[in-house]
Each structure stands twice: as C-alpha cells, then as structure tokens.
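Breakdown of the fold
One letter stands for each residue in the lines below.
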Amino acid sequence: MTTIAELIDTYPAMLALAIFLARIVDVSLGTVRILVGFRGYRLLAALIGFCEAAIWVIAASKVIGHLDYWYLVVAYAAGYATGNFVGITLERRLGVGTELARIISYCSACNLAEQLTQRGYSVVELAGRHRGQASVQVLYVVDKRRRMPELLRLVHELDPAAIYSITDVKSCHGEDVHALDADARHGMALRFKRK
C-alpha cells in the first residue's frame, strides 16, 4: 500500500496544487461567509462555514503532517492569499444585500427624482438648501446591492454634478421592500432570508 510520503515524493506538484486549490476554495468561502453574515444571512453563513471548515481541516492536515516539504507550505500560503482576492471578487459579483444611496442634486432642471422614478426606482425626495441659499434635491434610494452600479451610472448621466454616498442597509421594513424582491428575476436571487 502506498503511503502519503511516497505519494508526495512521487507526485509533489499534484499535492501542492491540490492544497493550493483547496485553500483558494476555503478562504473564498470564508470571505463570502463573513460578508453575508455581516448582512444578516445567518443560515447561509453557517452552511458556508461548515464547508469552509471541512476543506480547511483536510488541507491543513496535509501540510502540518509534512512540514519538511517546504513547497506544501508555499502552496498553502499562496492559496490563502489568492483565496482572499477570489472571495472578495465573488462576493462583489453576488451583490448580496441592500444598500441606501443618498443623492444630492443641485440641478433643478434635471429633476432627478422624477427621472429615477420613471426608470423604476423607488425614490424619497426631500427639499434642501445648500449654505442656506441654493435649493437642492436630496434623494434616498434603497435598492439591491447588485443594482447600485446601474443606479450610479444613471445618476451620473442625468446629473454629472450630483453628489452621492452609499451605505449598507442591515434591515429594511416598509411597503417598498417587496418591490426589491421583484428584482430577483433580473439576476440570481438569494433564497436565504435574514433572521
């Protein structure tokens, strides 16, 4: 029967590659787990954590059991570093959660609130003043995180001088919240509810 040490001696690159790929998967899952957990998806975070831990135990045991093989340590560390990058990229693509855009428009002729409403956004508009004199439009738009880049592009097209800030929304309540769920048909829907 072939031992692990013999396999490492015979196919060192294969085991190093396996450890590298396992670490990419496990660290990517860990990054996504933290970010979805922060946004309140506890069940999804727990499920991801289970998979992450199982992969980590397997990869770590192969390295710790064979610390005299330096290339396994390098593969482990390189997989960790790459996994961070992949995890953050993956989470951005998933676009989990909801965000609030605060938009200030100095252009009264642009009528930004009406333009955004016509394009399907739920907009709350407030009248404001800049330095006590110039009137401004202050807009609040809550939408799915994955749709925010589209909203910001539209705001920039309609009013290039508009100022905006984006913040995460941990929980959302009200009649327009159900309109956010209707967006699921435009992309991948996250089926795990926040609790």
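Residues numbered from 1 in each chain as written. Predicted model: local features only at pLDDT ≥ 70, side-chain atom pairs only at ≥ 80, totals over all residues. Heavy atoms only, no water.

1. Observations regarding the state of the cysteines
Put simply, the test is: Any two cysteine sulfur atoms within 2.5 Å of one another count as a disulfide. Buried, partly exposed and exposed residues are distinguished by accessible area as a fraction of the type maximum, computed with a 1.4 Å probe on protein chains only: under 20%, between the cut-offs, and over 50%, respectively.
Tallying each qualifying case throughout the model produces one disulfide. Covalently, Cys-107 is tied to Cys-110 through a disulfide, its sulfur atoms 2.2 Å apart. Taking the sign of the S-S torsion, 85° for the link of Cys-107 and Cys-110, the bridge is right-handed. Of the residues examined, Cys-110 reaches a relative accessible area of 15% and is grouped as buried.

2. Some words on helix H2 (residues 12-38)
For clarity, the cut-off: Here a strand is any run of E in DSSP of at least two residues, a helix any run of H or I of at least four, and the numbering for each starts at the N terminus. Helices are assigned an expected span. That span is 1.5 Å times one less than the residue count.
The end-to-end C-alpha distance of H2 is 39 Å, a good match for the 39 Å that 27 residues give at a rise of 1.5 Å each. Positioned one or two residues after H2, Gly-40 has a phi angle of 100°, which is positive.

3. Things to note about helix H4 (residues 70-94)
For H4, with 25 residues, the first-to-last C-alpha span of 36 Å sits near the 36 Å given by 1.5 Å per residue. Within the span of H4, buried status applies to Leu-72, Ala-75, Tyr-76, Gly-79, Gly-83, Gly-87 and Glu-91. Positive backbone phi, approximately 60°, marks Gly-95, located one or two places after H4.

4. What to know about the pattern of salt bridges
Definition in use: Salt bridges are defined as contacts in which a side-chain nitrogen from Lys or Arg sits within 4 Å of a carboxyl oxygen from Asp or Glu.
Per the stated rule, a full pass over the model turns up four salt bridges. The residue Arg-145 makes a salt bridge to Glu-99 at a minimum N-O spacing of 3.6 Å. You can see Arg-145 sitting in the loop between strand E3 (134-144) and helix H6 (148-158) and its partner Glu-99 sitting in strand E1 (residues 98-105), a full 46 residues away along the chain. Here Asp-143 and Arg-147 are joined by a salt bridge, their closest N and O atoms 3.5 Å apart. The pair formed by Asp-143 and Arg-147 is uniform in burial state, with each residue classed as buried.

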